[in-house]
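# Structural overview for review
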Amino acid sequence: MQKIEYKQDYTTAILGVKPHSAGQCLSRERGDCKDKATLMITMLKEVGIEAEYVILRTRESGKFLKDLPTNQWNHAIVYVKNEDGQGGIYIDGTAGWQAHNVLPTGDQGVVATHVRDGQFIFKDTPVDKAEANIYQREVNFKLNEDGSATGTFGLKASGNIAPGFRASLQTPKRFMDAVKRMSSAYYPGMQITDTKHNDPNDRSLEREIVLTTSLHKLLVRTGHNKTIYMPPALKNYLTQNYTPQATRQHDVHLPMTSRSVVKQVYELPDNYDISKKPSDQSLATPWMSWERTVTVKDKQLTITTTHDIHELIIPKEKYEEFRQFCLKVDEFEREIVALTSVTTE
């Protein structure tokens, strides 16, 4: 299916657009969502697997109105039934880098119109739990007395966050370009001495990239103390991203349910003690939650932050409650790590 180039080549018909046959799609090696859905159903039928043609209106295109007698659909996917006939999964043939059991975010939480025996059957597509789409970043640095640092910077991605990583890993040049953009976004001036990643073509795996790095300066002097530089890219900026306005006239639509995990591990120099560190915190709403744990063991400081998006829509009536949550999280994320020298400089 991945070898079939996505290309719209409409053959118009009454009340809509007619898909090409499976044979045409294969011979031309191209097709749009309708063509790929038709091809997939035909191929599954050949091996005895029952599947249905499904049309829908993607979430970013607005709500589907069942009582409005007009063509509102803009996408076609496939529904594959389980062997026992109880339930099944939706598969999007245009999702080039997704695992087969990962439904693109635009297909989630919408009305799916199943074409079954000439009839339309309406069903709601599922919405992922937060833990299905994980973006994890882990920094592990050994700090030196002069403020420099060496260590590793790792990223992991699963579910709907992984496809972008898979695409960036397809060629060495594309991968290195992505690594340079990513490293400069987090730590300007980062020197990369080694890179590792797992097989991008195995879609059963979460994507993992590990960079071995060095930094000229990770400790920044502030008065008599030094603080550990916390990259803005490791913060969420919830107010700026989701609730910039004091009031809201419409519901807030979030891009996807997801879990963001940031783990920071710092091995401190022998001649420095921690004089200030972030506090343990936990905040929760029906739509989002945020939690941070901070531990110190000997000379090692570990800060782990988890941010979950549980729902796709925040009702406008709950905007103020949600905004207060965002403001509080942003306040907590401004807390710093300060170090004090235990010897005379």
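Please refer to the structure placed before this passage.
Not measured: the values here are computed from a predicted model.

A few words on the overall build of the protein. Counting its regular elements, the protein contains six helices and 23 strands. Taking the principal axes of the C-alpha coordinates as reference, the protein spans close to 85 × 50 × 35 Å. When burial is assessed residue by residue, the protein has 43% of its 345 residues classed as buried. Counting contacts in the protein only where the partners sit at least 6 residues apart, residues at least 24 apart contribute 66% of the total. Accessible area of the protein: about 18800 Å², with a carbon and sulfur share of 50%. The protein carries 44 positive and 44 negative side-chain charges, and their two centres are separated by 4 Å.

Excluding glycine, residues mostly have negative phi values, and the peptide bonds linking residues are mostly trans. The phi dihedral of Asp-117 falls on the positive side, at around 55°, and the residue is not glycine. When you line up the elements, Asp-117 lands in the loop between β8 (111-116) and β9 (119-124). We classify Asp-117 as exposed; its relative accessible area is 77%. A positive phi angle is found at Asp-298, which is not glycine, with a value near 55°. Here Asp-298 falls in the exposed class, since its relative accessible area comes to 74%.

Glancing now at the layout of surface pockets. The computed volume of the second largest pocket comes to approximately 460 Å³. Surrounding the second largest pocket, 22 residues form its lining, Arg-59, Gly-109, Val-110, Leu-312 and Ile-313 being those nearest its centre. For the lining of the second largest pocket, the residue count by class is seven nonpolar, four polar and 11 charged.

Taking 1.5 Å per residue as the helical rise, helix α2 (residues 33-46) with its 14 residues ought to reach 20 Å, and the 20 Å between its terminal C-alpha atoms agrees with that figure. Within α2, 10 of the 14 residues are buried, which leaves it mostly tucked inside the rest of the structure. Every buried residue of α2 is accounted for by Cys-33, Lys-34, Asp-35, Lys-36, Ala-37, Thr-38, Leu-39, Met-40, Ile-41 and Leu-44. In the stretch just after α2, Gly-48 is the one whose phi turns positive, near 80°.

Our focus in this paragraph is the pairing of strand β7 (residues 88-91). The pairing of strand β6 (residues 75-81) with β7 spans four bridges and is antiparallel. By the bridge assignment for β7, Val-80 is matched with Ile-89. Hairpin connection from β6 to β7: six residues lie between these consecutive antiparallel strands, with Gly-85 at a positive phi of about 80°.

What counts as what
Residues numbered from 1 in each chain as written. Predicted model: local features only at pLDDT ≥ 70, side-chain atom pairs only at ≥ 80, totals over all residues. Heavy atoms only, no water. Helix = DSSP H or I, 4+ residues; strand = E, 2+ residues; numbered from the N terminus. Buried < 20%, exposed > 50% of the residue type's maximum accessible area, 1.4 Å probe, protein only. Contact = heavy atoms within 4.5 Å. Areas by Shrake-Rupley, 256 points an atom, 1.4 Å probe, with all protein chains shown as cover. Lys, Arg positive; Asp, Glu negative; His and termini not counted. Charge placed at Lys NZ, Arg CZ, Asp CG, Glu CD. 1 Å grid on protein atoms, 1.4 Å probe; cavity = no way out; pocket = protein on both sides within 12 Å on 5 of 7 lines; lining within 4 Å. Points joined across faces, edges and corners; volume = space filled by probe spheres on them. Nonpolar A, V, L, I, M, F, W, Y, C, P; charged D, E, K, R; others polar. Expected span 1.5 Å × (residues − 1). Pairing = 2+ DSSP bridges.

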